[in-house]
Each structure stands twice: as structure tokens, then as C-alpha cells.
Amino acid sequence: MATLVPSVSWPGACWTLLVCCLLTPGAQGQEFLLRVEPQNPVLPAGGSLLVNCSTDCPSSKKIALETSLSKELVDNGMGWAAFYLSNVTGNSRILCSVYCNGSQIIGSSNITVYRLPERVELAPLPLWQPVGQNFTLRCQVEGGSPRTSLTVVLLRWEEELSRQPAVEEPAEVTATVLASRGHHGAHFSCRTELDMQPRGLGLFVNTSAPRQLRTFVLPVTPPRLVAPRFLEAETSWPVDCTLDGLFPASEAQVYLALGDQMLNATVVNHGDTLTATATAMARADQEGAQEIVCNVTLGGERREARENLTVFSFLGPILNLSEPSAPEGSTVTVSCMAGARVQVTLDGVPAAAPGQPAQLQLNATESDDGRSFFCSATLEVDGEFFHRNSSVQLRVLYGPKIDRATCPQHLKWKDKTRHVLQCQARGNPHPELRCLKEGSSREVPVGIPFFVNVTHNGTYQCQASSSRGRYTLVVVMDIEAGNSHFVLVFLAVLVTLGVVTVVVALMYVFREHKRSGRYHVRQESTSLPLTSMQPTEAMGEEPSTVE
């Protein structure tokens, strides 16, 4: 007959044995079995297992479990016993035994423990890897079992570069890769795969932390450095440093310096070309031979260019007037000077020696007003000549004047015409010029067109005035009326009539004189009354006035 064995479970157990079948004793000489379940289980390291031992021997005694693992009897019954195995850390073989009819029956099962790798690490990559050269990926794996099911995969991103079994303990798997520009910035890693699928479990994966690779190209040629051969102290000049064929140009470091002075460079990238621009300004204490240096660093390698430069000081020329605004007739001194080793020349006359000043004197006149003086300076530096010029203008103060040649003193114009009074005044400071009619405040414009009529006829005082005095010139304007021919004819007629009248009157007087005595014409008036000379006048009597 068949008997059911109760199901046994235990907290934390990975396996639970549900049913065991016990067979009734058979005929004499029948063989009895001792079964161990589960058979050849697989469990993770540190796991637990519930093991059931059962037999079909009806006269069996107590069933025992032999193992080096930690065990605990969970339950038992006729022909069966259940044991709980805990903290299974390694592969092990367990044995169940029982005495049946005086003979020992043994059953066994092999426990296989799988373990994930404890460490999966990709060895550090080079900080910079030159393009076109090989580098090695190294993956180190510690732990992991069973090794026959453990595989190591080397990856670039998710691309498989190599797949190899993990053999030794610890295992190291390598792969050689040729560096390219495409590898710049790529992530490399390694992955372990513990394949327990054939044992009814899954594929256990463990991946290392990724490592990034940086590749570079640095040409063997030095940078092109463009810098001045000479630089004056306290002045600035641009400096350019260029390198072609650089990858990645954006990650290159540039160092520009003048002597011990680092320059603040602006770096621009165009494809594989890098250009660094800076402004070099030399200090006075750097005078003499110096070097401009350009270093381009990439991938731990450096390319360098150097250029010689001479720093010099060039003071001057300094051009001075003893009196920038000199009164007419005063003495003015003009001097020009410059720094040491500088040769100056003032208005074509060189100084006695380099470093010495040049000087001249003059008596200021009106013609010197606005006169410019020129000084040139020359400095020799390492066979090169540098030139610098300076100029200054003299201002002579003199009183106002009116140029008679440009201001006619007698003007004869026609009435109702347009004219310009071309008078100009000079002086320093520049004078004000006004032309006023004598005996009135009437003013005519100077230097601009105006409409002329007979009222402008007369004499004018043209006066130029400034803070240094006055100058007056008399100008007469003679304005001819538009009908002057008629007026002249009319005047001539009047004069003729007047002469005839006087002649007729004189003839009448003389005729009367002959007849009655002498007459005379009073000179106080051009009209006639006349007085008669009576005989009594000859005898001393007062004459009478005839109206």
C-alpha cells in the first residue's frame, strides 16, 4: 500500500520537498532504495537548503544525514527524515544512510554553489593615448564560480571587443586596441557573465565601472611664432602663436610669455588649427635682450617656439617754447631734448651729440605768429634706427591792423547795386572790424554782399579793435545816382540863366550910373538889393536903401 508523507517547509529554505513515496516490503531478497532529494541542487553561496531522505525499507530505523555543512533535523517519520542545511558556502556532497534488515543503505546528492565575482575592474587607461598606437585593455576578475560557466567580455560602449573565459584566480583578461580619433572620449568597460541557464537558473551579469579614453595627435613641428624683434618699454605689440594638425585642438594648453612675464592669451580653434593671440607689453626693468616663448601642450607632450626680442626705451623728443604766447618784440627760446643715446635735430640743426639738447632763439615778430618748429629724434638699437618727430607752434601777440591793399580807401559805386566791402583786419588776438559812417551810427557790413543806395554816400571810419589796441582807416563811398546826366544838364541850365541875369543887371546899373550917379553891389548877398548914390551922398549925407 502507498503512504503519503506530510509536506515539510522551513523559513529561508531554498528547496522544499513536498512528497516522498514509501513502498511496502516486497518479497524476500528485494532491494530497497534510499532516495535523497533534491538531486544535485544548485544554489547561491550562503544559501540554505531543505533536504529530504526517504526509503522504501519497511524495517528501516532512524535515517541519518552525513555532511560537513551546518544541519538541523526538521521532522521525520516512518521511512523518511527532513533536514535543513544553512549557510552553504561551497560545493559539497551529502549522504543519507539508514539500516534496513541489518544492512546499511546509502543515498547521495551533490550540492553545487554558484558565486558572483567579488571584483570586476578594468585597469586604468592612459591619460592620453597617441592616435595610431596600440593600447591594452586589462580586466581583472576576483571570485566567481563555477568558472566553467564564467565568461569575461571587454567593451567599448556596448560594442564587444573581446570575449574570453575566466580561468585563473584571480583572472585577467586582456585585449589590444589600435587607438584612433574615434576612440577619443569613448567609454571602455568589462563585463562578467555567469551562465547558469543550463541548470535552470538565469544569466548573471556584473559590469565594471567605465573608463574614458582620450586620444590625441600632436605634430612634431614647432608652432609658428610671430613676434616683434624690438619692443619699446611701456608699449604694447600683438604676438601670435599658431600650430596646425592638432587633435583635439580644443583641449590643448597654450603658454605665452615675455621673459618671466606670462601673457594673457586668447585661444581660437579652427578644425585642427590652434591660434593663440596676446598683447606683449614690456616693462622698463626688462630693457635689453629678452625672449618670447610659446608652448603648446597636449597629451602630456609639448611643442615650443622661441623668438629673440630687444626691449628699449625711447624718451622724447620733448619740444618746448619759453613763451608759447609771446608779445611782439620779445625773445623766444625754442629747445628740444630726448633721452640718452638719442640724437635730436631742431629745424634742421642737429644737437652737438646724442643725449644733448638742441636750442635756438628769435625775436618774435608778426610774421612769426603761427610759425611751427620741428624736432626729430633718432635712436639706434642693435643696428636698427628708430625715428620720432615732434612739432610746436608759436603764437605771437600783436595789435590790430587793416591791410590797405585789400581795403580801398575810395569807393565809387552806382546806386541800387550790390557790392562787398573787401576790408580785412589782422592781429593776435583776432580783432573785431566795424565800419561806421561819420556823424552817425550807421554801420555797413564788411566781407558780405549788401545793397547800395545813395544813403550810403559819405565817409566811413573802419576800425579794427582787440585787447591789444585799435587801428582806424578812412574809407570814402561815392554813390552815383541813377539819373545823374539829367541833373547835370539841369544844373548847367540854371548856371547859364544865373549868369545872364547878372549880366543884364550890371548893364542896367551902369546905364543908370551914367544917367544919375554911381551904384554899388552889396557883397553880403547874391540877390540884389541895390543902393543908389545920390548927390547928397557925395556931400556927406546918409544914403537911402532901395529894396
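Note: the structure precedes this text.
First, a word on scope: everything that follows refers to the structure included in this document. (Residues numbered from 1 in each chain as written. Predicted model: local features only at pLDDT ≥ 70, side-chain atom pairs only at ≥ 80, totals over all residues. Heavy atoms only, no water.)

Before going further, it helps to spend a moment on the sheet that holds strand β45 (residues 469-480). With mixed pairing, five strands are arranged side by side in an open sheet as β38-β45-β44-β41-β42. On the outer flanks of this sheet lie β38 (410-414) and β42 (443-444), each paired with one strand and no other. (Pairing = 2+ DSSP bridges. Helix = DSSP H or I, 4+ residues; strand = E, 2+ residues; numbered from the N terminus.)

Our focus in this paragraph is unusual backbone geometry. Here Ser145 and Pro146 are connected by a cis peptide whose omega angle stands at 0°. Among the structural elements, Pro146 can be located in the loop between β12 (134-145) and β13 (150-156). The peptide bond linking Asn428 to Pro429 adopts the cis configuration, its omega dihedral lying at 5°. As for its position among the elements, Pro429 is in the loop between β40 (425-428) and β41 (432-437). Unlike most non-glycine residues, Asp382 shows phi in positive territory, near 50°.

What follows deals with the nonpolar core. Of all hydrophobic cores here, the largest spans 28 residues; its most connected members are Leu225, Leu246, Leu256, Leu258, Cys294, Val296 and Leu298. Secondary-structure elements contributing two or more residues to this core are β22 (236-243), β23 (253-258), β26 (273-281), β27 (288-298) and β28 (301-312). Contact partners of Leu225, with chain neighbours within four places excluded, come to Val239, Asp240, Cys241, Leu256, Ile292, Cys294, Ala305, Arg306 and Glu307. (Core = buried A, V, L, I, M, F, W, Y, C linked by side-chain atoms within 4.5 Å. Buried < 20%, exposed > 50% of the residue type's maximum accessible area, 1.4 Å probe, protein only. Contact = heavy atoms within 4.5 Å.)

All right, on to the sheet that holds β22 then. Hydrogen bonding along the main chain pairs the strands of a sheet, whether they run parallel or antiparallel. Taken in spatial order, the four strands of this open sheet run β20-β22-β26-β25, and their pairing is antiparallel. One side of each edge strand has no neighbouring strand; the edge strands of this open sheet are β20 (224-226) and β25 (266-270). Taken over all neighbouring pairs, the strand axes of this sheet differ in orientation by 15° on average, direction set aside. Note that β20 and β22 share three bridges and pair antiparallel. When the sheet's bridge partners are listed, Val226 is paired in β22 with Asp240. (Axes fitted to C-alpha atoms, helices over the stretch in contact; angles between N-to-C directions.)

Our focus in this paragraph is the environment of Gly399. Residue placement: Gly399 occurs in strand β37 (residues 395-402). For Gly399, a relative accessible area of 22% puts it in the partly exposed group. Linking Gly399 and Ala464, residues 65 residues apart in sequence, is a C-alpha distance of 9.3 Å. Aside from chain neighbours lying at most four places away, what touches Gly399 is Arg426, Gly427 and Arg468.

What follows deals with the state of the cysteines. Tallied over the full model, the rule gives seven disulfides. Through a disulfide, Cys53 is tied to Cys96; the S-S separation comes to 1.6 Å. Of the two residues, Cys53 sits in strand β5 (residues 47-55) while Cys96 sits in strand β9 (residues 92-100), which places them 43 residues apart along the sequence. Owing to a relative accessible area of 0%, Cys53 belongs among the buried residues under this scheme. The class of Cys96 is buried, set by a relative accessible area of 0%. A sulfur-sulfur separation of 1.8 Å characterises the disulfide bridge that pairs Cys336 with Cys375. The disulfide joining Cys336 to Cys375 has a torsion of about -75° about its S-S bond and is therefore left-handed. (Disulfide = S-S within 2.5 Å.)

Let's shift gears to the environment of Glu307. Tracing the backbone through its elements, the reader meets Glu307 in strand β28. Of the residues examined, Glu307 reaches a relative accessible area of 35% and is grouped as partly exposed. Sequence separation between Glu307 and Ala227 is 80 residues; the distance between their C-alpha atoms is 7.1 Å. Leave out the neighbours within four places in its chain, and Glu307 touches Leu225, Gln290, Glu291 and Ile292.

Attention now goes to a nonpolar patch on the surface. A cluster of nonpolar side chains, Leu315, Ile318 and Met337, forms an exposed patch at the surface whose accessible area comes to about 260 Å². Locating Met337 in the fold gives a position in strand β31 (residues 331-337). (Patch = residues over 30% accessible without salt bridge, like charges linked within 9 Å, V, L, I, M, F, W, Y side chains within 5 Å. Areas by Shrake-Rupley, 256 points an atom, 1.4 Å probe, with all protein chains shown as cover. Salt bridge = Lys/Arg side-chain N within 4 Å of Asp/Glu carboxyl O.)

Moving on: the packing of aromatic side chains. A complete count under the given rule lists six aromatic pairs for this structure. Measuring from centroid to centroid gives 5.0 Å for Tyr114 and Phe204, while their planes differ by 20°, and the two rings are stacked. In this pair, Tyr114 sits in strand β10 (residues 103-122) while Phe204 sits in strand β17 (residues 203-207), placing the two residues 90 residues apart along the sequence. For Tyr114, a relative accessible area of 12% corresponds to the buried category. The interplanar angle of 85° and the centroid separation of 5.7 Å between the aromatic rings of Phe135 and Phe188 together place this pair among those described as edge-to-face. Of this pair, Phe135 sits in strand β12 while Phe188 sits in strand β16 (residues 187-195), placing them 53 residues apart in sequence. For the pair formed by Phe135 and Phe188, the shared burial category is buried. Linked through ring pairs, Phe230, Phe312 and Phe386 together constitute an aromatic cluster. If you follow Arg388 out to its NZ or CZ, it ends over the ring of Phe314, 4.3 Å from the centre. (Phe/Tyr/Trp six-rings, centres within 6.5 Å; stacked < 30°, edge-to-face > 60°. Lys NZ or Arg CZ within 6 Å of the ring centre and 35° of its normal.)

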